Amino acid sequence: MSGRMNQPLAFPAPLAPYATRAEHTRGRLHPEAESATRTPFQRDRDRVLHSAAFRRLKHKTQVFVYHEGDHYRTRLTHSLEVAQISRSISRTLKLDEDIAECVALAHDLGHPPFGHTGEDALKACMEPYGGFDHNAQTLRLLTKLERRHAAFEGLNLTWETLEGVVKHNGPLISPGSPPLPAAIEDYVRGDDPTGDPRRDLWLGAHAGLEAQVAAVSDDIAYNNHDVDDGLRAGLFSFEDARALPLVGPAIARIEKAWPSAGRDAVIGEAVSALIGAMVDDVVAQTRANLKQLGVSTADEVRRAGRQIVDFSPGLKAELDGLRSFLHENMYRHYKVNRARSQARRIVRALFDVFMAEPEILPPEWRARCDRAGESKKARAVCDYIAGMTDRYAIREHEKLFGSAPSI
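Keep in mind it's a predicted model, so treat the numbers as computed, not measured. (Residues numbered from 1 in each chain as written. Predicted model: local features only at pLDDT ≥ 70, side-chain atom pairs only at ≥ 80, totals over all residues. Heavy atoms only, no water.)

**Quick look at the overall build of the chain**
Short version of the rule: Secondary structure elements follow DSSP: runs of H or I of four or more residues count as helices, runs of E of two or more count as strands, with numbering from the N terminus. The globule rule used here is 2.2 Å times the number of residues to the 0.38 power, and the radius of gyration it is set against is calculated over C-alpha atoms. Exposed residues in this analysis have more than 50% of their type's maximum accessible area, buried residues have under 20%, and partly exposed residues fall in between, with area computed by a 1.4 Å probe over protein chains only. Residues are treated as being in contact if the distance between any of their heavy atoms lies within 4.5 Å. Every accessible area reported is derived by Shrake-Rupley at a probe size of 1.4 Å, with residue values counting cover from the shown protein chains alone. Residues scored as charged are limited to Lys and Arg (positive) and Asp and Glu (negative), so that His and the chain ends carry no count. By convention, the charge on Lys lies at NZ, on Arg at CZ, on Asp at CG and on Glu at CD.
What the chain contains, in helices and strands, is 19 helices and zero strands. Relative to the globule expectation of 22 Å for 407 residues, the C-alpha radius of gyration of the chain, 22 Å, shows essentially globular dimensions. Principal axes of the C-alpha set define a box for the chain whose edges measure 65 × 55 × 55 Å. Split into buried and exposed, the 407 residues of the chain put 52% on the buried side. Here the analysis covers contacts within the chain between residues at least 6 apart in sequence; of these, 72% occur between residues at least 24 apart. Surface exposure of the chain reaches about 19000 Å², of which carbon and sulfur atoms provide 51%. If you average the places of the 54 positive and of the 56 negative side-chain charges in the chain, the two averages end up 2 Å apart.

Rendered as structure tokens:
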């Protein structure tokens, strides 16, 4: 056993020349001895998996508030589905599966309770204090708020992982782009007197292919599982689904192949087939883009000036039609709107009361407020609320605003 452990760690192989390679990592902001059993990207993934922020995704909204039903997706199950799709695409394209999985698992860590509704509410609350952005909050969690190590704040992930998480949806700096979110600005232009180049996440460039894979996998996952959840929740009918682009033809094919299958099985088979078809489309289009661009290294991918991992134009058009339907018939369904209305009021009320009465915050959060000016106090309150699960936010609101105090 000891002889085997002393052998050099084998990195994933064979990888394509344009893959992000763990042996060429730019490293971590705080130097650490390397693991004898895991590559740097495998270690990053494991740190994300063991983080408190990742566990909290179990009770954070995807579309439905956590208590609406046991079978609907949460941020946790969504992230796991994105990770599975990311590994499949990366394996086929000979990319590093581990960093693709890590970015996929981490991409939604910064979401506050109640999904995008909670984000909109916090954004409005924080407008005078530097704003709020869930992607920037993810970076803040990974580099500052997670407290699992004695030597540093955050998880001390590699440069490539942080870059991939921050830019998985594309560059953040371009002509006419809005100012950087405060949490990203604080990290890349922070008070580090050394000017460590590992803080420079190349914000004007695209991320590596693995992070681009995670972004496309996010689209594949949520478009398909939202159809699944919406049908099972009765937010739109089976007949509505038959008329949808992509979904309708998939249902027709399944019903033709298995005419006696029950509706749940038809939905499941159709969604599975659609995910497979979308993965195949992305792989084919990405290979064509790589051939056209002729990139041969990961840094050439970053400098290519365009997204490389992508859907074909035909599938994009069909996806636009599907997204429009889901937006009108699911995300804006009156039942969902009612939950969103309540969520907005809960987040706003919590923010206002904590800003006015920071002495009612838990001690560690109150201490952050006591040491800070108004803007930093607001950021501390925002961090506290953003870290809440749906159920914790509801319970806090009940304790503070219920008809009788909960002691």
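**Regarding the packing of aromatic side chains**
Rules: Only the six-membered ring of Trp is used, alongside the rings of Phe and Tyr, when aromatic pairs are assigned; centres must lie within 6.5 Å, and planes under 30 degrees apart are stacked while those over 60 apart are edge-to-face, with the rest tilted.
Applying the stated rule across the entire model yields five aromatic pairs. Aromatic pair Phe236 and Phe325: ring centres 5.1 Å apart, planes at 80°, arrangement edge-to-face. With a gap of 89 residues between them, Phe236 in the loop between helix H10 (209-233) and helix H11 (238-242) and Phe325 in helix H15 (residues 313-331) connect regions that are remote in the sequence. A relative accessible area of 5% means that Phe236 is categorised as buried.

**A closer look at unusual backbone geometry**
Positive phi is not limited to glycine here, since Lys94 has a value of about 60°. Mapped onto the fold, Lys94 is located in the loop between helix H4 (75-93) and helix H5 (97-106). What makes Lys94 partly exposed here is its relative accessible area of 48%. Even without glycine at this site, Leu246 takes up a positive phi of about 70°. Mapped onto the fold, Leu246 is located in the loop between H11 and helix H12 (247-257).

**What to know about the nonpolar core**
Condition: In plain words, nonpolar cores are sets of buried Ala, Val, Leu, Ile, Met, Phe, Trp, Tyr and Cys residues tied together by side-chain atoms within 4.5 Å.
Of all hydrophobic cores here, the largest spans 86 residues; its most connected members are Val48, Ile89, Leu109 and Ile220. No other element matches helix H13 (residues 263-293), which puts 10 residues into this core. Beyond its immediate chain neighbours, meaning those up to four positions away, Ile220 contacts Ile85, Ile89, Ile275, Met278, Val279, Val282 and Phe311. Ranked by size, the runner-up nonpolar core spans 26 residues in total, among them Leu122, Cys125, Cys369 and Val381.

**A short note on the pattern of salt bridges**
Filter applied, for reference: The rule for a salt bridge is simple: a side-chain nitrogen of Lys or Arg has to be within 4 Å of a carboxyl oxygen of Asp or Glu.
Counted according to the given criterion, the structure contains 31 salt bridges. For the salt bridge of Arg242 with Glu255, the shortest nitrogen-to-oxygen distance reads 2.6 Å. In this pair, Arg242 sits in helix H11 while Glu255 sits in helix H12, placing the two residues 13 residues apart along the sequence. Arg242 gets classed as partly exposed once you look at its relative accessible area, which sits at 33%. For Arg323, the salt bridge identified is with Asp320, shortest N-O distance 3.3 Å. Here the residue Arg323 and the residue Asp320 both occupy positions in helix H15, the gap between them amounting to three residues, near one helical turn. Taking the relative accessible area as the measure of exposure, Asp320 reaches 44% and is therefore partly exposed. Several salt bridges converge on common partners, so that one network encompasses Arg38, Arg45, Asp46, Arg87, Arg91, Glu97, Asp98 and Glu101.

**Points about the environment of Val336**
By the element assignment, Val336 lies in helix H16 (residues 334-356). Measuring from C-alpha to C-alpha, the distance between Val336 and Leu122 comes to 19 Å, with 214 residues separating the pair along the chain.

**So, helix H6 (residues 115-125)**
All buried positions along H6 are accounted for by Gly115, Thr117, Gly118, Glu119, Ala121, Leu122 and Cys125. Along its buried surface, H6 packs onto H4, helix H7 (134-145), H16 and helix H18 (374-386).

**Quick notes on the packing of H5 against H10**
The criterion, for reference: Convention adopted: a line fitted to C-alpha atoms gives each axis, helices being fitted over their contacting stretch, and angles between N-to-C directions are expressed from 0 to 180 degrees. Between 65 and 115 degrees an angle is taken as roughly perpendicular, under 35 as roughly parallel, over 145 as roughly antiparallel, and anywhere else as oblique. Each crossing gets its handedness from the near helix: less than a right angle anticlockwise from the far helix is left-handed, clockwise is right-handed. Charged residues are taken to be Asp, Glu, Lys and Arg, nonpolar residues to be Ala, Val, Leu, Ile, Met, Phe, Trp, Tyr, Cys and Pro, and polar residues to be all remaining types, Gly included.
Running from amino to carboxyl end, H5 crosses H10 at an angle of 45°, the nearest separation of the two axes being 8 Å. By the angle between their axes, H5 is oblique relative to H10. Crossing hand, H5 versus H10: right-handed. Judged by residue contacts, Ile99, Ala100, Val103 and Ala104 of H5 engage Glu210, Ala211 and Ala214 from H10. Considered class by class, the residues forming the contact of H5 with H10 number six nonpolar, no polar and one charged.

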